[in-house]
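Observations on the three-dimensional arrangement
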Amino acid sequence: MVPCYNEEGSIAELIRRCRQSAFDVAGNDFEIVLVDDGSADGTWQAISAETEHGRNIIGMKLSRNFGHQVALTAGLSAATGELVLVIDADLQDPPELLSPMVEVMKREDADVVYGQRKTRAGESWFKTRSASIFYRLLKQASSLSIPVDAGDFRLMTNRVAQLIAQMPERDRFIRGMVASVGFKQAPFLYDRDRRFSGETKYPLSKMVHFAIDACLGFSSTLLRLSSAAAALLLVAIVVVSVYSLYSWLYLEVVPGWSSLMISLLVASFFQLASLSIISEYIGRIYLSTKNRPLFIVDKIKRSG
Ligand code: UDP
Ligand code: MG
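Because the structure is a prediction, the values reported are computed rather than measured. Per chain, residues are indexed from 1 in the order of the written sequence. Chains and ligands are labelled by the order in which they are written, letters from A for the one and numbers from 1 for the other. For a predicted model such as this one, the threshold for reporting local features is a pLDDT of at least 70, and the threshold for listing and counting side-chain atom pairs is 80 or more; totals across whole chains, interfaces and linings nevertheless cover every residue. Side-chain measures here rest on the full set of heavy atoms in the structure, leaving out hydrogens and waters.

**Side note on the overall build of the protein**
- Strands are runs of DSSP state E lasting at least 2 residues, helices are runs of H or I lasting at least 4, and numbering of each runs from the N terminus. Within the protein, the secondary structure is distributed over 10 helices and eight strands.
- It is over C-alpha atoms that the radius of gyration is taken, and the globule rule equals 2.2 Å times the number of residues to the power 0.38. Its C-alpha atoms give the protein a radius of gyration of 25 Å, more than 25% over the compact-globule value 19 Å for 304 residues.
- Dimensions of the protein along its principal axes, counting C-alpha atoms only, are 90 × 40 × 35 Å.
- The contact definition used throughout considers only heavy atoms, calling two residues in contact when any of these lie within 4.5 Å. Sequence-distant contacts in the protein: of pairs separated by 6 or more residues, those separated by 24 or more amount to 82%.

Structure, rendered in structure tokens:
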């Protein structure tokens, strides 16, 4: 299953390679689910043309852009195969790896085989470094073992796919959700290619959002951080109070204006910081109480 957002240049080649690779593993017994996540270019036209000309294609058009993780969820909910491969539309993850991944799945008797990137071609130094640091920090912060350097390129059994599709949470971080399901999950090391066409749909602002979703959704460390900050502040208050008492009694110094200002600022900073973390959580609770549908399907088109 493939989430596609403004990927008109890749669709034909993507389907050609996916079809070949799926055919090698399962003969004609496969389907390729393509979710058009509200693209503004000719992505839907390309998908819909493929459903008319080729076999085994299901195109799903969402009513607007819902974001990568929700598009992926929509695709999983439509996937009926015994095994489901999640792959990006830009061919950064080679579809030909399906066959070795299926082998690993059988050999390890696993429910999930996740692609773990050895190298990432054609990506900026900043992107690879920030991703690498992010994955490691997240691993530290979360109680789940979320694998490092793994994206959404994954082979999973249908039961895992349906479990993920049914999870109602809104700010989705699928890698973490898959890790939370349990069962046996095996890594598969591979080299990530450069994009076949177009450019990344994850600019810095989306990456930061995604990272925040991951941190808030999968760890309560941030909440604890604000308590740790408060505890630190308490220590500081005790020290400063003892010092001022001591000066008042023995040193005859006028309490300094600057130290007052600094402590005031530091205190307000910590208060604001913890408030903002709490409000992030409350904002999410608020949104999820609305119970809006996670995604809305505009059309579904199947090849004959
Ligand atoms: N994508 C999507 N909706 C979005 C953004 C991205 O469906 O709002 C798809 C995109 O078409 C691609 C995949 O998600 O198939 C991963 O995006 P991209 O390749 O741009 O991310 P990167 O590999 O650069 O991290
Ligand atoms: Mg990509």
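**Focus: the pattern of salt bridges**
- When a carboxyl oxygen of Asp or Glu is within 4 Å of a side-chain nitrogen of Lys or Arg, the pair counts as a salt bridge. All chains considered together, the criterion is met by 12 salt bridges.
- Linking Glu108 and Lys184 is a salt bridge whose minimum nitrogen-to-oxygen distance equals 3.2 Å. Here Glu108, found in helix α4 (residues 98-108), pairs with Lys184, found in the loop between α7 (174-181) and β7 (185-192); they are 76 residues apart in sequence, far enough to count as distant.
- Categorising residues by exposure relies on relative accessible area from a 1.4 Å probe, with only protein chains included: less than 20% of the type maximum marks a residue as buried, more than 50% marks it as exposed, and the intermediate range marks it as partly exposed. Exposure remark for Glu108: the relative accessible area of 29% places this residue in the partly exposed category.
- For Lys184, a relative accessible area of 41% gives the class partly exposed.

**Considerations on the coordination of the magnesium ion (ligand 2)**
- At this site the magnesium ion (ligand 2) is bound by Asp90 (OD) and Gln92 (OE1), with donor distances of 1.9 to 2.0 Å.
- Residue classification places Gln92 among the buried positions, given a relative accessible area of 6%. Metal donors were taken as nitrogen, oxygen and sulfur atoms no farther than 2.8 Å from the ion, or 3.2 Å where the ion is Na, K or Ca. Water is excluded, so coordination may look unfinished.

**Overview of the sheet that holds strand β6 (residues 150-157)**
- Taken in spatial order, the four strands make up an open sheet running β4-β6-β5-β7, and their pairing is mixed. Strand pairing shows two members of the sheet lacking a second neighbour, β4 (83-86) and β7, which therefore form its edges. With direction set aside, neighbouring strand axes in the sheet form an average angle of 25°.
- The criterion for strand pairing is that DSSP finds at least two bridges linking the strands in question. Taken together, the four bridges between β4 and β6 define a ladder with antiparallel strand orientation. Within β6, the position partnered with Leu85 by the bridge is Leu155.
- For helices, the axis comes from a line fit to the C-alpha atoms of the stretch in contact; other axes are also lines fit to C-alpha atoms, and the angle between any two N-to-C directions lies between 0 and 180 degrees. This element, α4, spans β4, β5 (112-120), β6 and β7 of the sheet and lies at about 60° to β6.
- Where helix α6 (residues 158-166) meets the sheet, it contacts β4, β5 and β6, and its direction lies at approximately 120° from that of β6.

**Points about the nonpolar core**
- One finds Val2, Ile32, Leu34, Met101 and Leu155 to be the most contacted residues of the largest nonpolar core, which totals 30 residues.
- Excluding residues within four positions of it along the chain, Ile32 makes contact with Val2, Ile15, Cys18, Arg19, Asn56, Ile57 and Ile58.
- Side-chain atoms within 4.5 Å link the members of a nonpolar core, which is a set of buried Ala, Val, Leu, Ile, Met, Phe, Trp, Tyr and Cys residues. Among the nonpolar cores identified, the runner-up in size contains 29 residues, and Val33, Ala74, Val86 and Ile174 belong to it.

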